[in-house]
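# Structural overview
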Amino acid sequence: MAFNSKLNYTDWLKTEYPQLKNSSSAETFQYIEQAKADTKTITILLVFFMPFALLYPMNHLLTSYGFAPFESIFYWCMFLAVTFIGSLLMSKLESEIIKRKLRHLLKNSQP
């Protein structure tokens, strides 16, 4: 499956759980909203700490190789690359957290 930065959870649910194909959009939307609400705290923490987890080691590594922070073009290129990759990783991780919660919700809602 190709990487999408923004996952369509409705389509994913209907693909992952064929029994939901005939369900209303309101029902699937309710599951999605509940999963997002239940994972809100962890995603906020993820958004807050991920930049520090990626940028601090990158800054330390480049500084140890003699690149002055924010003074060389190479440093800026690495900064932008790490920021871009970090953004993709955060999006993917957030999607995985929400998908895991959706699986849990659907598992508990089935008789």
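The structure displayed is predicted, hence computed values, not measured ones. Residue numbers restart at each chain and count upward from 1, following the sequence in its written direction. Totals for whole chains, interfaces and linings use all residues, but because this is a predicted model, local features are given only for residues with pLDDT of at least 70 and pairs of side-chain atoms are given and counted only at 80 or more. No hydrogens and no water enter the side-chain calculation; it runs on all heavy atoms of the structure.

### Focus on the overall build of the protein chain
Rule in force here: For the purposes of this entry, the term helix denotes a DSSP run of H or I that reaches at least four residues, the term strand denotes a run of E that reaches at least two, and both are numbered from the N terminus. Partly exposed residues are those whose accessible area sits between 20% and 50% of the maximum for their type, while under 20% is buried and over 50% is exposed, using a 1.4 Å probe and protein chains only. We call two residues contacting when some pair of their heavy atoms lies within 4.5 Å. Areas reported as accessible are Shrake-Rupley estimates using a 1.4 Å probe. Residue values count occlusion only from the protein chains shown. The charge count treats Lys and Arg as positive and Asp and Glu as negative. His and the chain ends do not count. In this description, the location of a charge corresponds to atom NZ of lysine, CZ of arginine, CG of aspartate or CD of glutamate.
Of regular secondary structure, the protein chain possesses four helices and zero strands. Reading the protein chain from its N end, one meets helices and strands in the order α-α-α-α. For the C-alpha atoms alone, the extent of the protein chain along its principal axes is close to 60 × 25 × 15 Å. When burial is assessed residue by residue, the protein chain has 26% of its 111 residues classed as buried. In the protein chain, the proportion of contacts linking residues at least 24 apart, taken out of those at least 6 apart, comes to 65%. Put simply, the protein chain shows about 7,900 Å² of open surface, and 64% of that area lies on carbon and sulfur atoms. Computed over 11 positive and 8 negative side-chain charges, the separation of the two mean positions in the protein chain equals 5 Å.

### Brief notes about the confidence of the model for the protein chain
Stated formally: For every residue, the pLDDT score states the predictor's confidence, bounded by 0 at the bottom and 100 at the top.
In the predicted model, the protein chain carries a mean pLDDT of 85, and 92% of its residues have values of at least 70. Mean pLDDT across the secondary structure elements of the protein chain bottoms out at helix α3 (residues 40–64), with 86, and peaks at helix α2 (residues 25–38), with 90.

### Some points on the environment of Arg100
Along the polypeptide, Arg100 turns up in helix α4 (residues 73–109). For the pair Arg100 and Met58, spaced 42 residues apart in sequence, the C-alpha separation works out to 30 Å.

### A few points about α2
Basically, it comes down to this: In this scheme, a helix's expected span is set at 1.5 Å multiplied by one less than its residue total. The reported arc concerns the directions from the helix axis to the C-beta atoms and nothing else.
The end-to-end C-alpha distance of α2 is 20 Å, a good match for the 20 Å that 14 residues give at a rise of 1.5 Å each. Taken residue by residue, α2 has Thr28, Tyr31, Ile32 and Ala35 as its buried positions. What you see down the axis of α2 is that its buried residues fit within an arc of 95°, all on one side. Turned more than 90 degrees away from the buried face of α2, the exposed residues are Ala26, Gln30 and Ala37.

### Quick look at the nonpolar core
We count it as follows: Grouping buried Ala, Val, Leu, Ile, Met, Phe, Trp, Tyr and Cys residues that are joined through side-chain atoms within 4.5 Å yields what is termed a nonpolar core.
Core analysis: the largest hydrophobic core is formed by 12 residues, namely Tyr9, Trp12, Leu13, Tyr17, Leu20, Tyr31, Ile32, Ala35, Ile98, Leu102, Leu105 and Leu106. Secondary-structure elements contributing two or more residues to this core are α1 (9–16), α2 and α4. In terms of residue count, α4 provides more of this core than any other element does, four residues in total. In contact with Tyr9, other than residues within four places in its own chain, are Ile32, Lys36, Glu94, Ser95, Ile98, Lys99 and Leu102.

### Details of the packing of aromatic side chains
To keep things clear, this is the line we draw: Aromatic contacts are taken between Phe, Tyr and Trp rings whose centres are within 6.5 Å, Trp giving its six-membered ring; a plane angle under 30 degrees counts as stacked, one over 60 as edge-to-face, and the others as tilted.
Overall, the coordinates contain four aromatic pairs when judged by the stated rule. Plain terms: the ring middles of Trp12 and Tyr17 are 6.4 Å apart, the flat faces sit at 80° to each other, and that makes the pair edge-to-face. Across this residue pair, the class does not change: Trp12 and Tyr17 are buried. In this structure an aromatic cluster arises from ring pairing among Phe48, Phe49 and Phe52.

### Here's the deal with the packing of α2 against α4
Threshold: Think of each axis as a best-fit line through the C-alpha atoms, taken over the contacting stretch in the case of a helix, with angles from 0 to 180 degrees between the N-to-C directions. Should an angle fall under 35 degrees it is taken as roughly parallel, and over 145 as roughly antiparallel, whereas 65 to 115 is taken as roughly perpendicular and any remaining angle as oblique. Each helix crossing is assigned a hand: it is left-handed if the near helix lies turned anticlockwise from the far helix by less than a right angle, otherwise right-handed if that turn is clockwise.
Remark: α2 packs on α4, axes separated minimally by 9 Å, with the N-to-C direction vectors making an angle of 120°. Considering their axes alone, α2 and α4 lie oblique with respect to each other. In this structure, α2 meets α4 at a crossing whose hand is right-handed. For the pair formed by α2 and α4, the contact residues are Tyr31, Ile32, Gln34, Ala35, Lys36 and Asp38 on the first element and Ile98, Lys101, Leu102, Leu105, Leu106 and Ser109 on the second.

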